[in-house]
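One letter stands for each residue in the lines below.
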Amino acid sequence: MRPTLRQMQYIVAIADTGKFGDAAKVVNVSQPSLSAQVAEMEAALGVTLIERSRQGAMLTRAGEEFVRRARIILKEVEDLKAVAKFGRQDLTGRLRLGILPTVGPYLLPHAVRDLHARFPTLRLSVREERTVDLDEHLQNGDFDTIISTPDDHQNIGHQPLFTESLYICAAPEDPLSQEKGPVALIDLKGRSLLTLGQGHRLNSIIQQIADASGAEISSEYEGTSLDAIRLMAEMGAGVAILPSLYALSEARRDRSLYARPIAHELAQRLVSLIWRDTSPLAASLKTLAEPLAKAAAGILAQEGRRLGAGAS
């Protein structure tokens, strides 16, 4: 008996979670059913793939190789399904999109109407994830495409959407909030910069800014969202580094937000629509990038008008 695709999904889920129970939830089956299917597959292959213990499930050496090859097969199957579902230029049906949480809420609402007008039968399934998780789930076929920073992904094709600047935000009484215009790196020397949790590309950029300016990364405060680090900054916990899409969105909502751009080439990031370099959707995805880039351009064109610091 040959392993079925479903059995491959089961053992990959076990490899990802380390537990039969958690794996069963991921693939939406009962734990007894999953366990029986894995045991049946092991018996048919004549090899033990999973070492079971009270602490969880651990792959054997044979299991590691099986999972490596199963991931490749499952990804190719997803690509095969995409070939059948999409034409070369037309986008229809469900498209699985992963996106950075520092981009999604501030870009997609401005693009959704144009996207629906251009692709009326397209249904986007959107999930926000950290950079490292976006890469993993793109490569294993969980996502058809992602919106992320291309430098953090390998073996990809991509279409640039926009380059955004980074801004600082500090407490109202902070000297950084008393001036107007761009902030020089030297102005950040000795300052404590606030970051998000591990796995976010933005953290790497902030670390580069800290190294170049003589600032330091806060070891006491770590935000779970841009809203969190902005709030901590305004309470005096340090200096927040905010992407311009977020800063502009918040400036429309909250006129009290005061942010200043950082005048240095390190203080920017390129954001692209990204797909696997083997994806059959490449031609179609390039057409999807157009309304996304248009929406971003409309938002970023307001820099300097919305954020009083930008134009001064």
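Just so it is clear, the model here is predicted, and its values are computed rather than measured.

Caption draft 1: Geometry of the nonpolar core. By size, the foremost hydrophobic cluster in this structure holds 66 residues, and its most contacted members are Ile147, Leu273, Leu288 and Leu292. Of all the elements, helix H10 (residues 282-300) adds the most residues to this core, at eight residues. Setting aside residues no more than four positions away along its own chain, Leu288 makes contact with Leu91, Leu95, Leu115, Phe119, Leu122 and Leu273.

Caption draft 2: Just the packing of helix H5 (residues 104-118) against helix H9 (residues 244-253), in detail. One can describe the packing of H5 onto H9 by two numbers: an axis separation of 8 Å at closest approach and a directional angle of 70 degrees. Comparing the axis directions of H5 and H9 gives the class roughly perpendicular. Between H5, through Tyr106, Leu107 and His110, and H9, the contact on the second element is made entirely by Leu245, Tyr246, Ser249 and Arg252.

Caption draft 3: Highlighting the pattern of salt bridges. According to the stated counting rule, one finds 16 salt bridges in the structure shown. Put simply, Arg96 and Asp144 hold a salt bridge, and the shortest N to O gap is 2.9 Å. Highlighted residues: Arg96 in strand S3 (residues 93-99) and Asp144 in the loop between helix H6 (131-139) and strand S5 (145-148), separated in sequence by 48 residues. Classification of Asp144 by relative accessible area gives buried; the value is 5%. Close ionic contact of Glu164 with Arg269 constitutes a salt bridge, the shortest N to O distance being 2.7 Å. Here Arg269 lies in strand S11 (residues 268-276) and Glu164 lies in strand S6 (residues 156-169), a separation of 105 residues in the sequence. Accessibility assignment for this pair places Glu164 and Arg269 in one class, buried. The network of salt bridges with common partners includes Arg230, Glu234, Glu250 and Arg253.

Caption draft 4: Quick look at unusual backbone geometry. Positive phi, normally seen in glycine, also occurs at Asn28, with a value near 60 degrees. Examined against the element boundaries, Asn28 turns out to sit in the loop between helix H2 (20-27) and helix H3 (31-45). Even without being glycine, Asn155 reaches a positive phi, approximately 55 degrees. Here Asn155 is to be found in the loop between S5 and S6. With relative accessibility at 53%, the residue Asn155 sits in the exposed group.

Caption draft 5: Representation of the side chain of Glu42. Topologically, Glu42 is positioned in helix H3. Given the relative accessible area of 9%, Glu42 is considered buried. Within polar-contact distance, the side chain of Glu42 engages the backbone nitrogen of Leu49 at 2.7 Å. A distance of 3.0 Å separates a polar side-chain atom of Glu42 from the backbone nitrogen of Ile50.

Caption draft 6: Spotlight on H10. Taking 1.5 Å of rise per residue, the 19 residues of H10 would be expected to cover 27 Å, and the 26 Å separating its terminal C-alpha atoms lies within 8% of that figure. Taken together, the buried positions of H10 are Ser284, Leu285, Thr287, Leu288, Ala289, Pro291, Leu292, Ala295, Ala296, Ile299 and Leu300.

Caption draft 7: Representation of the pairing of S3 in the model. Most of S3 is tucked away: five of the seven residues are buried. Pairing between S3 and strand S4 (residues 122-128): seven bridges, direction parallel. Its bridge partner lying in S4, Leu97 is registered against Val126. With H5 bridging S3 and its parallel neighbour S4, the resulting β-α-β unit is right-handed. Taken together, the three bridges between S3 and S5 define a ladder with parallel strand orientation. When the sheet's bridge partners are listed, Leu97 is paired in S5 with Thr145.

Reading the values: rules and limits
Residues numbered from 1 in each chain as written. Predicted model: local features only at pLDDT ≥ 70, side-chain atom pairs only at ≥ 80, totals over all residues. Heavy atoms only, no water. Core = buried A, V, L, I, M, F, W, Y, C linked by side-chain atoms within 4.5 Å. Buried < 20%, exposed > 50% of the residue type's maximum accessible area, 1.4 Å probe, protein only. Helix = DSSP H or I, 4+ residues; strand = E, 2+ residues; numbered from the N terminus. Contact = heavy atoms within 4.5 Å. Axes fitted to C-alpha atoms, helices over the stretch in contact; angles between N-to-C directions. Parallel < 35°, antiparallel > 145°, perpendicular 65-115°, else oblique. Salt bridge = Lys/Arg side-chain N within 4 Å of Asp/Glu carboxyl O. Polar contact = N/O pair within 3.5 Å; in protein donor to acceptor, adjacent residues only side chain to side chain. Expected span 1.5 Å × (residues − 1). Pairing = 2+ DSSP bridges. Right-handed = clockwise from strand over helix to strand, strands pointing away.

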